[in-house]
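The primary structure of each chain is shown beneath.
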Amino acid sequence: MTTPPAVTGSALAPNYHPLPVTLATGEGSWVTDTAGRRYLDLLAGYSALNFGHRHPALVAAARAQLDRLTLTSRAFDHELLEPFAQALVGLVGPLLTGTSHLVLPMNTGAEAVETALKAARKWGYEVRGVPADRATVVVAEGNFHGRTTTIVSFSSDPDARRGFGPFTPGFVTVPYGDARRLAAAVDETTVAVLLEPVQGEQGVVVPPLDYLAAARRVCDDAGVLLVADEIQSGLGRSGATLASERFDVRPDVVTLGKALGGGILPVSAVVGRADVLEVLTAGTHGSTFGGNPLACAVGLAVIDLLTPGTLQARARALGERVGDRLDVLVDDGLLTDVRTIGLWAGVDIAPSSPGGPASGRELCERLLRRGVLAKDTHGGTIRLAPPLTIDPADLDTGLDRLADALTGP
């Protein structure tokens, strides 16, 4: 047998620029690196770890299923697939339009968005009567729905687009938060409006309070679908099961991911009106791993955690605590702006403040030296998204260290 040649340097493609830390273990809101140093995780896997690292109920569900069955492909049913779909409809269905709902399970968030786009187009042709191959979807500037070729076709982030054309047609981009421009973009070819109720990757950008309601009215008047991407904002992060609830709006279709897999494995799903998702008949869409037994076992345990509503309420209460602490830092001139909803915050640094960091990246590096994990975005912004299960004392510790990092190296 031939021995593979030794690899010099990293064998990883350089599509990420991680902070200089290598993690080895995690429990709850804390992780430990390979040198044994502990860090408070205030990023929580971009909301994939809403329930913290290795939540006992989720780990137990995964371990039990590992001893039974992990994959069948969708060529065969398995005993957890329908219970998972029923439970997810029970959790999310009452928050959507319509009286009958279906679930289409996938794996990653980008797959869920792609699935929703396909369903919306096919529904537009078969139900709305849009002429063949002319369907359009209205999207918002600053969006982040994934990094597939179709999705980056309507991204406004140059790094996400540069070098990846030609791009998929059929998308009309309007400013986020501008209901008038959104309404003007909808025409006879429109099949859906796709929005994040809160733009996470952009820096936790919360729209005007009446924006989603206005988008709902536009869709109703035109007879088109409102699709909410709740992959980051959903499943408790905003202080509600769906962030759309915070604006008293019911989408027709919602995409879920990240937290649905409990930080254990990738699990995503599209949940929507039955008359929309039923256009995806046998052979029109699929996934080998979508809805696999292990995913369904963990997903069911996630739904069990969210069903009582206590974690959502906890996120609201702790989020108010975070907002109050961050507002003080704005008043002190250490931050220029903060945006919060639930246990989720976008923090803009004040680069001119004495001793302050020059960028969001530098602030994250300072936090790392203080034993806190966070992530920068778009230059001068960092996002804070602690596990919903974080101990209040730990949260205060993290905020104390943030204040210290804003004043010195």
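Here, every reference points to the structure presented above.
This is a predicted model, so every value here is computed, not measured.

**Looking at the packing of helix α11 (residues 360-369) against helix α12 (residues 392-405)**
Working step 1: Running from N to C, α11 and α12 cross one another at 125 degrees; their axes reach a closest spacing of 9 Å. Taken together, the axes of α11 and α12 are oblique relative to one another. Considering only the axes of α11 and α12, their crossing is right-handed. Contacts between α11 and α12 pair L363, R366 and L367 from the former with R401, L402 and A405 from the latter.
Working step 2: Tallied by class, the residues present in the contact of α11 with α12 amount to four nonpolar, no polar and two charged.

**Notes on the packing of aromatic side chains**
Working step 1: Summed over the entire model, instances satisfying the criterion amount to two aromatic pairs.
Working step 2: Note on F154 and F171: the rings are 4.3 Å apart at their centroids and 35 degrees apart in plane angle, and the pair reads as tilted. Linking F154 in the loop between α4 (149-152) and α5 (158-161) with F171 in strand β6 (residues 171-174), this pair joins segments that are 17 residues apart in sequence.
Working step 3: On the accessibility criterion, F154 (2% relative accessible area) is buried.
Working step 4: On the basis of an interplanar angle of 70 degrees and a centroid distance of 5.4 Å, the ring pair of Y176 and Y211 is categorised as edge-to-face. Pair noted here: Y176 is in the loop between β6 and α6 (179-185) and Y211 is in helix α7 (residues 211-222), with a separation of 35 residues, a long-range link.
Working step 5: According to the relative accessible area criterion, Y176 is buried, its value standing at 16%.
Working step 6: On the accessibility criterion, Y211 (1% relative accessible area) is buried.
Working step 7: Cation over ring: R38 sits above W30, and NZ or CZ is 4.4 Å from the ring centre.

**Observations concerning the environment of P105**
Working step 1: In this structure, P105 sits in strand β4 (residues 101-106).
Working step 2: A relative accessible area of 8% means that P105 is categorised as buried.
Working step 3: Beyond its immediate stretch of four places on either side in the chain, P105 contacts R74, L81, F84, S268, A269, G290 and G291.

**Some details on the layout of surface pockets**
Working step 1: The space that makes up the second largest pocket amounts to roughly 560 Å³.
Working step 2: As for the second largest pocket, its lining consists of 23 residues, and the residues nearest its centre are R74, L81, V103, L104 and P105.
Working step 3: Contributions of two or more residues to the lining of the second largest pocket are made by α2 (81-92) and β4.
Working step 4: For the lining of the second largest pocket, the residue count by class is 12 nonpolar, eight polar and three charged.

The rules behind each value
Residues numbered from 1 in each chain as written. Predicted model: local features only at pLDDT ≥ 70, side-chain atom pairs only at ≥ 80, totals over all residues. Heavy atoms only, no water. Axes fitted to C-alpha atoms, helices over the stretch in contact; angles between N-to-C directions. Helix = DSSP H or I, 4+ residues; strand = E, 2+ residues; numbered from the N terminus. Parallel < 35°, antiparallel > 145°, perpendicular 65-115°, else oblique. Left-handed = near helix turned anticlockwise from the far one by under 90°. Contact = heavy atoms within 4.5 Å. Nonpolar A, V, L, I, M, F, W, Y, C, P; charged D, E, K, R; others polar. Phe/Tyr/Trp six-rings, centres within 6.5 Å; stacked < 30°, edge-to-face > 60°. Buried < 20%, exposed > 50% of the residue type's maximum accessible area, 1.4 Å probe, protein only. Lys NZ or Arg CZ within 6 Å of the ring centre and 35° of its normal. 1 Å grid on protein atoms, 1.4 Å probe; cavity = no way out; pocket = protein on both sides within 12 Å on 5 of 7 lines; lining within 4 Å. Points joined across faces, edges and corners; volume = space filled by probe spheres on them.

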